[in-house]
Amino acid sequence: EAWLKLQPSPRKFAQERLAYEYWAPFLEDTVPTLMAIVGREEGFLLTELPGVRPRFSNVDRTRWPQLVQAAGAWLRRLHEVPALLRDDTPLRQAMRQRAAAWRVRAAEVLDPELAAAVDRVLADDAVFEGCERVCCHRDFQPRNWLVCWEDSEPMLGVVDFEHSRLDCRFTDLCRIWYAEWMDDALRTAFLDGYAFRADERAKGQLDFCCALHGIGTVSWGVSHGDVGFREAGRRYLERLIADA
């Protein structure tokens, strides 16, 4: 079987096309293969990947450390794909601009104490000085994973690259790092798969990216009148600040 994916957004179409045409060969059979461009850049015909989206209802809880470790290993492969393009805006400047834009809307619904704590995390954009962008999925979470088990080992595939582009590597950790289902054991398993040991600068970058994700979620909820999304962002920020 094959999948037909229509993409009405020109920007998202371009991002996903780059991922399937250039990044996919480095990731081999862990991502769909692009069979054809549909119409006049309207969508994609993609091969089907095996597996199911992992949920606690269909994957034994004791297997999640293996699954998250496999996710870390896959993400390392993605981040090592050679970058085809470069962004002229330094990453530090881009992060500062994102924080300023999203922080205004988020301020409307965050209580003063939480807002002040988030501002302290976002104040240290110096951690990105000289940092290079890497190829990022930017929506890396279980709903975009497909897993099948071979001899009790997880084989992970990843789909939906419409948000993908060059960015700070820790942007790809944001959606899982302070998710409600994530705990310290799973974070350790992920870092083992990613083969990474965070130093103080890396932790600062991770915290900054996660704070951006939180206020971005709140900001989107405010601008779209989605109370549930807004509250999910607020709870995420609370978990981040409690850990920091």
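Reading guide: rules and limits
Residues numbered from 1 in each chain as written. Predicted model: local features only at pLDDT ≥ 70, side-chain atom pairs only at ≥ 80, totals over all residues. Heavy atoms only, no water. Helix = DSSP H or I, 4+ residues; strand = E, 2+ residues; numbered from the N terminus. Rg over C-alpha atoms; globule rule 2.2 N^0.38 Å. Buried < 20%, exposed > 50% of the residue type's maximum accessible area, 1.4 Å probe, protein only. Contact = heavy atoms within 4.5 Å. Areas by Shrake-Rupley, 256 points an atom, 1.4 Å probe, with all protein chains shown as cover. Arc of directions from axis to C-beta.

S.K.: Break down the overall build of the protein for me, citing the residues and quoting the values.
M.R.: What the protein contains, in helices and strands, is 8 helices and 7 strands. Taken over C-alpha atoms, the radius of gyration comes to 18 Å for the protein, in line with the 18 Å a tight globule of 244 residues would show. Here the C-alpha coordinates of the protein stretch approximately 50 × 45 × 35 Å along the principal axes. Taking all 244 residues of the protein together, the buried fraction comes to 47%. Taking all contacts inside the protein whose residues are at least 6 apart in sequence as the whole, residues at least 24 apart take part in 78%. Carbon and sulfur atoms provide 51% of the accessible area of the protein, an area that totals close to 12500 Å².

S.K.: Summarise the environment of Asp243; cite the residues concerned and give the values.
M.R.: By the element assignment, Asp243 lies in helix α8 (residues 227–243). Among the residues examined, Asp243 registers a relative accessible area of 43% and is labelled partly exposed. Distance in space between the C-alpha atoms of Asp243 and Asp207 is 9.6 Å, their sequence separation being 36 residues. In contact with Asp243, other than residues within four places in its own chain, are Tyr178 and Lys203.

S.K.: Give a detailed account of helix α4 (residues 112–122), specifying residues and quantitative values.
M.R.: Buried residues of α4: Leu114, Ala115, Ala117, Val118, Val121 and Leu122, and no others. Each buried residue of α4 sits inside an arc of 160° when the element is viewed along its axis, so together they form one side. When the buried face of α4 is taken as reference, the exposed residues oriented beyond 90 degrees from it are Pro112, Glu113 and Arg120.

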